[in-house]
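Structural overview
Listed here are the chains, written in short residue letters.
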Amino acid sequence: MTDLGGFQDHVARVDLSSGSIDYQSIDEEDARKYIGARGLGVKYVFEQGPDVDPFGPDNLLAVMTGPLTGTQVTMSGRVAVITKSPLTNTVTDSHHGGWSGARLKWAGFDGLLFEGKADEPVYAYVEDGKVELRDASHLWGKGVHETRDTLGEEVDGSYGKNLSIMATGPAGENLIRYACIMNEHDRASGRGGTGAVMGSKNLKAIVIKSSTKMPKPADPETFKQGHQQALKLILESEVTGPNEGGLSVYGTNVLMNISEELDALPTANSRFTSTRSERELEPDEPNIDAENVSGEYVREHILVDEPTCHSCPVACKKEVEVNVMHKGEEMNVRMESFEYEPAWSLGPNAMNDDAAKTAVMMDRCNDMAMDSIETGNVLSMAMEATDEGLIDEGIDWGDADRMIEIIEEIALRENDLADTLAEGTSRAAESFGDPDIAMTVKSQAIPAYDPRGMKGMAIGYATSNRGACHLRGYTPAAEVLGIPEKVDPQEWEGKGELVALFQDLHAISDSFDICKFNAFAEGIEEYVLQYNGMTGLDVTEDDLMQAGERIWNLERYYNNLVGFDGDDDSLPKRFIDSDKAIPGQGGSEGQLAELDEMKEEYYEIRGWVDGVVPEEKLEELEIDLGPGTGVSAAGEAVGD
């Protein structure tokens, strides 16, 4: 057990097969070593065994809070979902904001651990330190919006409207490999197929009722100092400052025009590095303009509200309302939020710049519970496959009406094409006969940063423990925003060290669990003060950074045991010097990612051997789980 501040010392292990619920304490050594949320969740998933079938009953679905979740810490409304991914076969963690993380903590829990498979659909009802499994047969087949509305009406609890609902939709039920878990209506644990794991367990939703019961800091004075220091930085930041900073004014989609200007906006399935370059190089083709789906365009034309999450003054969510003519009928859609990543994946990457129809696609992804980043990528890949003549009845570039239709078809596996696309970008491209048109790493599709124009993202995508991802190590902070200092986005040297630093830092914030946007303003000093103040510990900056390094290496160690090594730290061929290379254009003219050089630099920083964590590193970081990798720092089998 642990008496550290910020913890409820209460985790529910739910066996869905038997219906039994076991309430457990948290081992204090684990809390100290792995912090909470992501870190503790990965440890729980590791203990379940790296060789489990992602869709099997033995795969663990961990829903975790951290010691700072639901506290006064700014932007502390996050929750982590950790499992073995059916998309990548790696360990994965996916986070969402809103209020469910805070409410889970206030309801008396540090986490919920789901294993097994229910005989019939169920949902978990959480209130006052207890979990109850309830029948969800009447919800099976319903979209996320209807599920939430139905549960909101029927659930009776003690705390009025203080209700959060995490649910999957038809995509999760039908085991779409990139199905997600939606919180409330439009906040997603989006990546890695967490919703598919939920669906495989016949778990439709998690309903949380609670009053506001914020944890009290163990060391109030230290906490107050750290909180005030952090809040001042956030309020004064040019990025996060309320109603003034770019993130607050335009949301995450502030990056659309910035990436376009840098020629680092993957366009037409990454055949171009911006919509401008596409227009210049193919002037006779139908052209688009990223400006039409940018944060600036959204604010001027379709913005209706700016909701926020627990304890957040930034309000980066941009709620929109659109009226669209689709197949001769007018559709009215109001959805939260028009984010950068789906605006890109369903927009420029698919040669679409209709903001209103893009909003409809986002809403449909949310209702079906599909990762909108992967969805946009799988559609743009299918467009290229159609263009190449690999599929007969495919989908044309920029066909927004067909995109709206096919999202639901995929969620329902309604036809042969939809069934193929439901397997994800990488597997679908393989089935079409050209795996090189899949812009994926470890079978997960890239997000909205072109690695030819941002070299930190190149090594970041390649080495991410959950497949291509910008959020494992957000180097655009330095390459674009100059945080903590400006670096040349097209220079490869030093990017291995930079991405390792961000990876460790984000492992910390994900384990607290607080929003990564904190890092646009505050740093490790503020993290240490708030963490020590809340928990009562007395860790140093080096101690905390080592905890982040430990979490990152535990994830990599898990993946090594699955069978991943340096060969899997790769990039699509069009980004690197290869027979399929497509160099950058415009501001990224001639650029390709120097992957081999960056990997060598990165592995040296990490102390890994060809992507594998050696026994000496495990010992150094006090990771005493599992059988070990059997590899020494000298690159030899242990015992040779």
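Below is a short write-up of the structure.

Each value, and the rule that gives it
- Residues numbered from 1 in each chain as written.
- Predicted model: local features only at pLDDT ≥ 70, side-chain atom pairs only at ≥ 80, totals over all residues.
- Heavy atoms only, no water.
- Core = buried A, V, L, I, M, F, W, Y, C linked by side-chain atoms within 4.5 Å.
- Buried < 20%, exposed > 50% of the residue type's maximum accessible area, 1.4 Å probe, protein only.
- Contact = heavy atoms within 4.5 Å.
- Pairing = 2+ DSSP bridges.
- Helix = DSSP H or I, 4+ residues; strand = E, 2+ residues; numbered from the N terminus.
- Axes fitted to C-alpha atoms, helices over the stretch in contact; angles between N-to-C directions.
- Salt bridge = Lys/Arg side-chain N within 4 Å of Asp/Glu carboxyl O.
- Phe/Tyr/Trp six-rings, centres within 6.5 Å; stacked < 30°, edge-to-face > 60°.
- Lys NZ or Arg CZ within 6 Å of the ring centre and 35° of its normal.

1. Quick notes on the nonpolar core
In this structure, F338, I410, L421, F512, Y527, L544 and L571 are the most contacted members of the largest nonpolar core, which totals 149 residues. Beyond its immediate chain neighbours, meaning those up to four positions away, L544 contacts I35, I508, F512, I524, Y527, V528 and Y531.

2. Overview of the sheet that holds strand β15 (residues 329-335)
Two modes of strand pairing occur in sheets, parallel and antiparallel, and in both the strands are linked by backbone hydrogen bonds. Strand order in the open sheet made by the 3 strands is β13-β14-β15, with antiparallel pairing throughout. Each edge of the open sheet carries a strand with a single partner, namely β13 (303-305) and β15. Shown here is a sheet whose adjacent strand axes are inclined to one another by a mean of 30 degrees, direction ignored. Bridging between strand β14 (residues 319-326) and β15 involves 7 bridges; their strand directions are antiparallel. In the strand pairing of β15, E321 is matched with R334. Against the sheet, helix α13 (residues 355-368) contacts β14 and β15, and its axis sits at roughly 65 degrees relative to β15.

3. Focus on the environment of D119
Turning to its location among the elements, D119 is positioned in the loop between β6 (111-115) and β7 (122-127). Judged by its relative accessible area of 69%, D119 falls in the exposed class.

4. Describing the sheet that holds strand β5 (residues 91-96)
Here 6 strands make up an open sheet; going across it, the order is β2-β1-β6-β3-β4-β5 and the pairing mixed. Edge strands, defined here as strands with exactly one partner in the open sheet, are β2 (20-24) and β5. Each strand axis lies, on average, 15 degrees off the axis of its neighbour in the sheet, ignoring direction. Both strand β3 (residues 61-64) and strand β4 (residues 79-84) contribute to a ladder of 3 bridges, which runs antiparallel. Across the sheet, A62 pairs through a bridge with I82, a residue of β4.

5. Focus on the pattern of salt bridges
On inspection of all chains with the given rule, the structure shows 48 salt bridges. The shortest N-O distance in the salt bridge between E47 and K43 comes to 2.5 Å. One end of the pair, E47, and the other, K43, are both in helix α2 (residues 37-48), 4 residues apart, so they sit about a helical turn from each other. Between D504 and R606 there is a salt bridge, and its shortest N-O distance comes to 2.9 Å. Of this pair, D504 sits in helix α20 (residues 495-512) while R606 sits in helix α23 (residues 595-606), placing them 102 residues apart in sequence. The residues D504 and R606 share a single accessibility class, namely buried. Each of R38, D93, R472, D510, K516 and E555 takes part in salt bridges that share partners, so that together they form one network.

6. Observations regarding the packing of aromatic side chains
What characterises a pair of aromatic rings is the spacing of the ring centres plus the angle enclosed by the ring planes. Counted according to the given criterion, the structure contains 12 aromatic pairs. When the ring of F512 is compared with that of Y527, the centres are 5.6 Å apart and the planes differ by 80 degrees; the resulting orientation is edge-to-face. A residue pair is termed long-range when its members are at least 10 positions apart, and F512 in helix α20 and Y527 in helix α21 (residues 524-535) qualify at 15 residues. Aromatic side chains Y602 and W608 sit 5.6 Å apart centroid to centroid with 80 degrees between the ring planes, which places their arrangement in the edge-to-face category. Owing to a relative accessible area of 0%, Y602 belongs among the buried residues under this scheme. Each member of the aromatic cluster is reached from another via a ring pair, and the members are Y340, Y449, Y474, F517 and F520. When the ring centre of Y125 is taken as origin, the NZ or CZ atom of R134, which lies over that ring, is 4.1 Å away.

In short, geometric facts, not functional conclusions.
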